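Per-entry structural report
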Amino acid sequence: MSDSKWVKLLTVLVENHRMVLECRVKLMWEDEGVKRLLVIDEYASYNFDYYDTAMEAMISGSPVLNGWCAYKEIEWLDFPRFIGNIESEKQDIISIQQKIEEIGQFRLELSDDRLRLYAYIPVSATS
């Protein structure tokens, strides 16, 4: 995914922050079991929290990152339908998908449990 698409995506997610209850992040070099979240709220803004090629302090988790994360370091984002272990707390992944699709074309995968946006697809996965 290009850096300019990242900026558009983050702008839309911030504009619709009430819709995004949780967004999980997988970094390229980490296993899927590492829990990281993309922190999105109404105060995040371009040229303060996210920039042309990276974001600052928007990804949580342990071990703590150095604060900065280049977009090219992110493999995918997951928007789970159910938040935590409480099935009554749901995230409207269809509405999130529609907002994302308004920006342009992305590789999205929708299941009963989540919406996944692939930012980077390894060459071995495409052949």
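Shown above is the structure to which this text applies.
Residues numbered from 1 in each chain as written. Predicted model: local features only at pLDDT ≥ 70, side-chain atom pairs only at ≥ 80, totals over all residues. Heavy atoms only, no water.

Okay, the nonpolar core next. Grouped together as the largest cluster of nonpolar side chains are 29 residues, with contacts concentrated most on Trp6, Leu38, Met55, Ile74, Leu77 and Phe79. Secondary structure elements with two or more residues in this core: helix H1 (3-15), strand E1 (24-27), strand E4 (74-80), helix H2 (93-103) and strand E6 (114-118). With 6 residues, H1 is the largest single contributor of residues to this core. (Core = buried A, V, L, I, M, F, W, Y, C linked by side-chain atoms within 4.5 Å. Buried < 20%, exposed > 50% of the residue type's maximum accessible area, 1.4 Å probe, protein only. Helix = DSSP H or I, 4+ residues; strand = E, 2+ residues; numbered from the N terminus.)

So, on to the side chain of Glu30. In this fold, Glu30 is placed in the loop between E1 and strand E2 (54-56). Taking relative accessible area as the criterion, Glu30 reaches 10% and is therefore assigned buried. Only 2.8 Å separates the side chain of Glu30 from the side chain of Arg36, close enough to count as a polar contact. (Polar contact = N/O pair within 3.5 Å; in protein donor to acceptor, adjacent residues only side chain to side chain.)

Before going further, it helps to spend a moment on unusual backbone geometry. The residue Asn47 is not glycine, and still its phi comes out positive at about 70 degrees. Residue placement: Asn47 occurs in the loop between E1 and E2. Phi angles above zero are rare outside glycine, and Ala57 is one such case at about 60 degrees. Secondary-structure assignment places Ala57 in the loop between E2 and strand E3 (68-70).

Okay, H2 next. Inspection of H2 places Ile93, Ser95, Ile96, Gln97 and Ile100 among the buried residues, and these make up the whole buried set. Its buried side turned inward, H2 meets H1, E4, strand E5 (107-110) and E6. (Contact = heavy atoms within 4.5 Å.)

Of all 5 residues in E6, 4 are buried, a share of seventy percent or more. Two elements, E4 and E6, share 5 bridges in a ladder whose sense is antiparallel. Directly across from Leu77, in E6, lies its bridge partner Leu117. The antiparallel pairing of E5 with E6 creates a hairpin that spans 3 residues between the two strands. (Pairing = 2+ DSSP bridges.)

Turning our eyes to something else, we now look at the pattern of salt bridges. Using the criterion set out here, one finds 7 salt bridges in the structure. We note a salt bridge from Arg24 to Glu22, for which the minimum N-O separation is 2.7 Å. A salt bridge links Glu30 to Arg36; its shortest N-O distance comes to 2.8 Å. In this structure, Glu30 and Arg36 share a single accessibility class: buried. (Salt bridge = Lys/Arg side-chain N within 4 Å of Asp/Glu carboxyl O.)

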